[in-house]
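# Secondary and tertiary structure notes
Read off the chains here:
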Amino acid sequence: MSQTISTVNQGIAKQGACDSRQDLDVQAGGGPPLLVNESSLVRIRMLAESDPDLIFISLAHRIDLYLLKKSFRKVRKSKSSGVDKITAKQYAKNLDENLYNLYQRLRRGQYVATPVKRMWIDKDGGKKRPIGIPCLEDKIVQRAVATILNTIYEVDFYDFSHAFRKGHSQHKALHELRERCRKLNIGWIVSADITGLFDNIDHGHLRDLIKRRVNDGGILRLIGKWLNAGVMEEGILSYPGKGTPQGGVISPVLSNVFLHYVLDDWYVKEVKPRMKGKCFMIRYADDFIIGCELEADARRIMDVLPKRFNRYGLSLHPEKTVLIPFRKPNFRKGGGKGKGTFDFLGFTFFWSKGRCGYWVIKKKTAGKRLRRFLKMTWQWCRGNRHEPINEQYETLCSKLRGYYQYFGVRCNYKAIESVYEHARESWRYWLSRRSHKGKVLFEDLQRIYPLPLPRIVHNI
């Protein structure tokens, strides 16, 4: 074993020395020396920025031991495992040796992708969503490839695309949406949702779109292995033939690349120049909003959107894709009629008067999201009422803090306050069901175990 580890360390040292000599010219301005892998990524980013039409044909050799180790650190160390049942804790016991073996298999072309384990989570309306859990080694290699692809495509992605990108978030998308509606005098909203994006991405179209920027055979073969590895569910192996598994590390990057060409780039280059009034688009994963100043522009977009997605094997959700009038009440004759509100990323946007009497755009927790959390809290308190009090308290506090962290925005205090009151009442009710002295017990517990109070976290 000691001889093997020594060989691994020697291989790392030799590769590091070789790459260091190759990357000396990337250290600009005489600043602090960059890590080997960081300098490689800097060089890739510089090339991508210098030429938007450049096609990268040699990237697979950048997946070295340093990048694999860095990718392992970034992979979530959850207790769940893939079909091979190897956890991160077990893999880390001989990390250097395992990563070296993985690196050698990648170099020799002997790496084989393992089928993804499928699980199902509940959605609104009694529906379920599939979640894929790849094996740990697949996660590591996917993270490495995702790092390289993000370095290239981050230069190409537009600022209104906010999903799965560093420096972007849901709250940034929400803030930008509100500001665009206010400043551009938006009167109509096209609220759209793609039906099963991750489950319906066509592999042929995806490969063709990636090759517009990355035409490296090694990278394309790795992506093909993951897409065609199959799905394991209850011991049965199947091959869907399309889609990327939700939960896979590489899936968010592939979906962003796919929608960049199918939607974002098409909107900027073909749709926006043809609009007569002002317009904008905000996208987060498969949810996107297009705001238009004129009704005619909004209706033209509604007519052409389904045709655009059908061309690439996708479809828009018939119930979630709607055209909504969104003007200030009484802004002009008939301007305040219609639905007047729309949902995006769990919030409902609407016009209302502020404290100074002016009409402003506000947002509150969407009704379905609020009811779902209240129902979940009630069921959790019911199912865990016999657990130790301190464990119940810690979990319930964690749930409330997580809710405040996302929904704690200005103008939404009333909604998060109702969540706090409901959680408190649910806990009191189900604790009282396990003892006839529950009322007195709960009043005493409130002094010892106070639930976190609602608060505004995001001042946007």
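Just above sits the structure.
From a predicted model like this one, the values you see are computed outputs, not experimental measurements.

### Comments concerning the environment of His205
Note on placement: His205 falls in helix α9 (residues 203-210). Considering only alpha carbons, one finds His205 and Val262, 57 residues apart in sequence, at a separation of 9.8 Å. Leaving out residues up to four positions away in the same chain, His205 has contacts with Phe258, Arg311 and Tyr312.

### Considerations on unusual backbone geometry
Its identity as a non-glycine residue notwithstanding, Lys85 has a phi of 60°, on the positive side. In this structure, Lys85 sits in the loop between α3 (65-74) and α4 (88-92). The class for Lys85 is exposed, based on a relative accessible area of 65%. If you check the backbone angles, Asn185 has positive phi at about 55° while not being a glycine. As for its placement among the helices and strands, Asn185 is situated in the loop between α7 (170-183) and β3 (188-193).

### Overview of the nonpolar core
Counting 120 residues, the largest nonpolar core has Phe288, Leu305, Phe309 and Phe344 as its most contacted members. Here this core gets 11 residues from one element, more than from any other, and that element is helix α11 (residues 251-271).

### Points about the pattern of salt bridges
One pass over the structure, following the stated rule, counts 13 salt bridges. The closest approach of N and O atoms between Asp156 and Arg213, which form a salt bridge, is 2.8 Å. Of the two residues, Asp156 sits in the loop between α6 (136-153) and α7 while Arg213 sits in the loop between α9 and α10 (217-227), which places them 57 residues apart along the sequence. With respect to burial, Asp156 and Arg213 carry one shared label: buried. Across the pair Glu295 and Arg299 runs a salt bridge whose closest N-O atoms are separated by 2.9 Å. Pair noted here: Glu295 and Arg299 are both in helix α12 (residues 295-311), with a separation of four residues, about one helical turn.

### Describing the packing of α3 against helix α5 (residues 95-108)
Axis separation between α3 and α5 bottoms out at 10 Å; the angle between their running directions is 125°. Classified by the angle their axes make, α3 and α5 are oblique. Regarding α3 and α5, the two cross each other, and that crossing is right-handed. Contacts between α3 and α5 pair Leu65, Leu68, Lys69 and Phe72 from the former with Leu95, Asp96, Leu99, Tyr100, Leu102, Tyr103 and Leu106 from the latter. Considering only residue class, the contact of α3 with α5 consists of nine nonpolar, no polar and two charged.

### What about helix α14 (residues 389-407)?
In this model α14 runs 27 Å from its N-terminal to its C-terminal C-alpha over 19 residues, within 8% of the 27 Å that 1.5 Å per residue would give. Every buried residue of α14 is listed here: Ile389, Gln392, Tyr393, Leu396, Cys397, Leu400, Tyr403, Tyr404, Tyr406 and Phe407.

### Things to note about the environment of Lys123
Inspection of the secondary structure assignment puts Lys123 in the loop between β1 (116-122) and β2 (128-133). On the accessibility criterion, Lys123 (33% relative accessible area) is partly exposed. The sequence separation of Lys123 and Arg372 amounts to 249 residues, and the corresponding C-alpha distance is 9.4 Å.

Rules used in this analysis
- Residues numbered from 1 in each chain as written.
- Predicted model: local features only at pLDDT ≥ 70, side-chain atom pairs only at ≥ 80, totals over all residues.
- Heavy atoms only, no water.
- Helix = DSSP H or I, 4+ residues; strand = E, 2+ residues; numbered from the N terminus.
- Contact = heavy atoms within 4.5 Å.
- Buried < 20%, exposed > 50% of the residue type's maximum accessible area, 1.4 Å probe, protein only.
- Core = buried A, V, L, I, M, F, W, Y, C linked by side-chain atoms within 4.5 Å.
- Salt bridge = Lys/Arg side-chain N within 4 Å of Asp/Glu carboxyl O.
- Axes fitted to C-alpha atoms, helices over the stretch in contact; angles between N-to-C directions.
- Parallel < 35°, antiparallel > 145°, perpendicular 65-115°, else oblique.
- Left-handed = near helix turned anticlockwise from the far one by under 90°.
- Nonpolar A, V, L, I, M, F, W, Y, C, P; charged D, E, K, R; others polar.
- Expected span 1.5 Å × (residues − 1).

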